[in-house]
Amino acid sequence: MAMVRDLLYGFRVLFNRDIVERELDEELRFHFDEQVKKYVRSGLSHADAVRQVRMEFGGVASVKEECREARGVMLVDTVLQDVRYAIRGFRRTPGFAVMVVMTIALGLGLNTSVFTIFNAYVLRPLSVRDPYSLYLFTWQNRNGDGHLFTWREFEDFRKQNRAFSEVVGLEPLNFVRVEGHTLIGELVTGNYFRVLGVHAVMGRPLIPEDAAAPGREPVVMLSSAAWRNKFASDPGIVGRKLMIHGYPLEVVGVARDGERRLFRRK
Amino acid sequence: MANERVELPQGTLHLLTLRTLALEPQHGWGISERIQQISSNVLKVQQGSLYPALHRLERRGWIRAHWAISENSRRAKYYELTRAGRKQQESEAGAWRKLSAAVAQVLDMV
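Here the structure is a predicted model, which means the values were calculated and not measured. (Residues numbered from 1 in each chain as written. Chains lettered and ligands numbered in written order. Predicted model: local features only at pLDDT ≥ 70, side-chain atom pairs only at ≥ 80, totals over all residues. Heavy atoms only, no water.)

A. Structural detail: the overall build of chain B. Check the secondary structure of chain B and you find four helices and three strands. Counted from the first residue to the last, chain B has its helices and strands arranged as α-β-α-α-β-β-α. Every one of the 110 residues in chain B was classed for burial, and the buried ones make up 42%. The long-range share in chain B, meaning contacts at least 24 apart out of those at least 6 apart in sequence, stands at 49%. Summing over all exposed atoms, chain B offers an accessible surface of approximately 6,400 Å²; the carbon and sulfur share of this is 54%. (Helix = DSSP H or I, 4+ residues; strand = E, 2+ residues; numbered from the N terminus. Buried < 20%, exposed > 50% of the residue type's maximum accessible area, 1.4 Å probe, protein only. Contact = heavy atoms within 4.5 Å. Areas by Shrake-Rupley, 256 points an atom, 1.4 Å probe, with all protein chains shown as cover.)

As structure tokens, this is what we get:
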């Protein structure tokens, strides 16, 4: 209750500042005049009375200042005054103001871009279903050379696997030229989208049947970003054939927003 | 005469103001006059401390202000006690009486 009252009082003081100030002026003047009248009644001349009261009154400005302080809105008032002062100062020295603004802008911009990169690479987890249950298998020989799994090895691994609910194969496909655009892609097995729980906003995601038989017509799924930026959000994109590495790939769908490649290679 | 005046100890101005307003609503000048008269000119309240004190009391909700026409038909800001102010005044007066009686006892000891 006390807080509400305090708040209402504060609002009145803050928003009706002119009224409150005027009232204070009037109040102090009333006091001044009454005091003068009192001295005149006691026998002083009007001029002497005024002089006397002035002396007693001291600085009216400081009285007002103290009243303002007592009302407890000093902070807001002071901040406003400071802002006004700063703006006046900037107007006097525009060159300096421009330098300050540019310095701050540069600092902000740098910070923002650094954080954006940090956020994308470090902070944001993979936007897939249950990212922490995913494991990456690689194969290295004794010399530390990396090996790729052949299709056959992958199939063996998949069939003999007991520990994981599913196994997905993928191979990055960096910088492919598609209809004059450079795209970054990934060759994946048919169960990729089902395992990761990624849905299509258009058409359908890849399904295991797409990879059932080698040599079957290959298909491709676009990310939302690629569809928007490279194909101008073409509504008829599903069903189109894109030439990738000399093979015609039919677009079957567009993945939902925010979908990215699963693994980024060094 | 000036030498007979006593500086108000810290905090007593609140009590004196509340006490004065307990009699009847009054404007700032009236309060300072009343205190001076009743104290036989010993206590003089400077407007430099009176008005900040009034604003502080109003902020704490112990008094409220309204504009009215004064005895010489001029607009003046009148202050009156709120219910909380009346309670505050009573408890502060009690505390002050206790304090001054105790101080007096100690002083009279010698």
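That was the structure; now back to the text.
B. Inspection of the overall build of chain A at higher detail. Regarding its fold elements, chain A presents nine helices and eight strands. Counting the 266 residues in chain A, one finds 29% classified as buried. Taking the intrachain contacts of chain A between residues at least 6 apart in sequence as the baseline, contacts between residues at least 24 apart amount to 55%. A total of about 18,300 Å² of accessible surface is found on chain A, and carbon and sulfur atoms cover 61% of it.

C. Looking closely at helix 4 (residues 83-108) of chain B. Residue and element names in this part refer to chain B. Over its 26 residues, helix 4 extends 38 Å from the first C-alpha to the last, a length consistent with the 38 Å expected when each residue adds 1.5 Å. Buried within helix 4 we find Gly85, Gln89, Glu92 and Ala93. Buried residues in helix 4 make contact with helix 1 (12-23) and strand 3 (75-81). (Expected span 1.5 Å × (residues − 1).)

D. Focus on the interface of chain A and chain B. With 26 residues of chain A at the contact, the number on the chain B side is 28 residues. Buried surface at the junction of chain A and chain B, both sides included, amounts to about 2,500 Å², of which 48% is carbon and sulfur. Remark: the boundary between chain A and chain B carries five salt bridges. A salt bridge links Arg74(B) to Asp33(A), with the shortest nitrogen-to-oxygen separation between them at 2.7 Å. Across the contact surface, chain A and chain B share 10 residue pairs in polar contact (both at pLDDT 80 or more). Those elements that place two or more of their residues in the side of chain A that touches chain B are helix 1 (2-15), helix 2 (17-41), helix 3 (46-57) and helix 4 (60-71) of chain A. Of the residues that constitute the side of chain A that touches chain B, the class distribution is nine nonpolar, three polar and 14 charged. (Buried area = accessible area lost by both parts, 1.4 Å probe. Salt bridge = Lys/Arg side-chain N within 4 Å of Asp/Glu carboxyl O. Polar contact = N/O pair within 3.5 Å; in protein donor to acceptor, adjacent residues only side chain to side chain. Nonpolar A, V, L, I, M, F, W, Y, C, P; charged D, E, K, R; others polar.)

E. Inspection of the environment of Glu71(B) at higher detail. All names here are of chain B. With respect to the helices and strands, the residue Glu71 is situated in the loop between strand 2 (63-69) and strand 3. Every residue in contact with Glu71, bar those within four places of it in the chain, is listed here: His27 and Tyr78. At a separation of 3.4 Å, a polar atom in the side chain of Glu71 contacts the side chain of Tyr78.

F. Expanded view of the packing of helix 1 of chain B against helix 3 (residues 47-59) of chain B. Residue and element names in this part refer to chain B. The N-to-C vectors of helix 1 and helix 3 enclose an angle of 75°; their axes lie 10 Å apart at closest approach. Judged by the angle between their axes, helix 1 and helix 3 are roughly perpendicular. Residues Leu13, His14, Thr17 and Leu18 of helix 1 form the contact with helix 3, whose participating residues are Ser49, Leu50, Ala53, Leu54, Arg56 and Leu57. Its residues placed into classes, the contact of helix 1 with helix 3 shows six nonpolar, three polar and one charged. (Axes fitted to C-alpha atoms, helices over the stretch in contact; angles between N-to-C directions. Parallel < 35°, antiparallel > 145°, perpendicular 65-115°, else oblique.)

G. Highlighting the environment of Glu217(A). Residue and element names in this part refer to chain A. Among the secondary structure elements, Glu217 is positioned in the loop between strand 5 (200-203) and strand 6 (219-222). The exposed category is assigned to Glu217, whose relative accessible area is 53%. In this structure the C-alpha to C-alpha distance between Glu217 and Leu249, which are 32 residues apart in sequence, comes to 7.3 Å. Ignoring sequence-local partners within four residues, the contact set of Glu217 consists of Lys241 and Glu250.

H. Region of interest: the confidence of the model for chain B. Across chain B, the average pLDDT comes to 87, with 95% of residues at or above 70. Scoring of the predicted complex yields 0.46 for pTM and 0.82 for ipTM. (pLDDT = per-residue confidence, 0-100.)

I. Structural context of the nonpolar core. Among the nonpolar cores identified, the biggest contains 20 residues, and Leu18(B), Leu21(B), Ile31(B), Leu50(B), Tyr51(B), Leu54(B) and Ile63(B) are the most heavily contacted of them. Sorting the residues of this core by element identifies helix 2 and helix 4 of chain A together with helix 1, helix 2 (28-38), helix 3 and strand 3 of chain B as the ones contributing at least two each. For this core, the element with the most residues is helix 3 of chain B, which contributes five residues. If sequence neighbours within four positions are ignored, Leu21(B) has contacts with Gln26(B), Ile31(B), Ile63(B), Tyr79(B) and Leu81(B). (Core = buried A, V, L, I, M, F, W, Y, C linked by side-chain atoms within 4.5 Å.)

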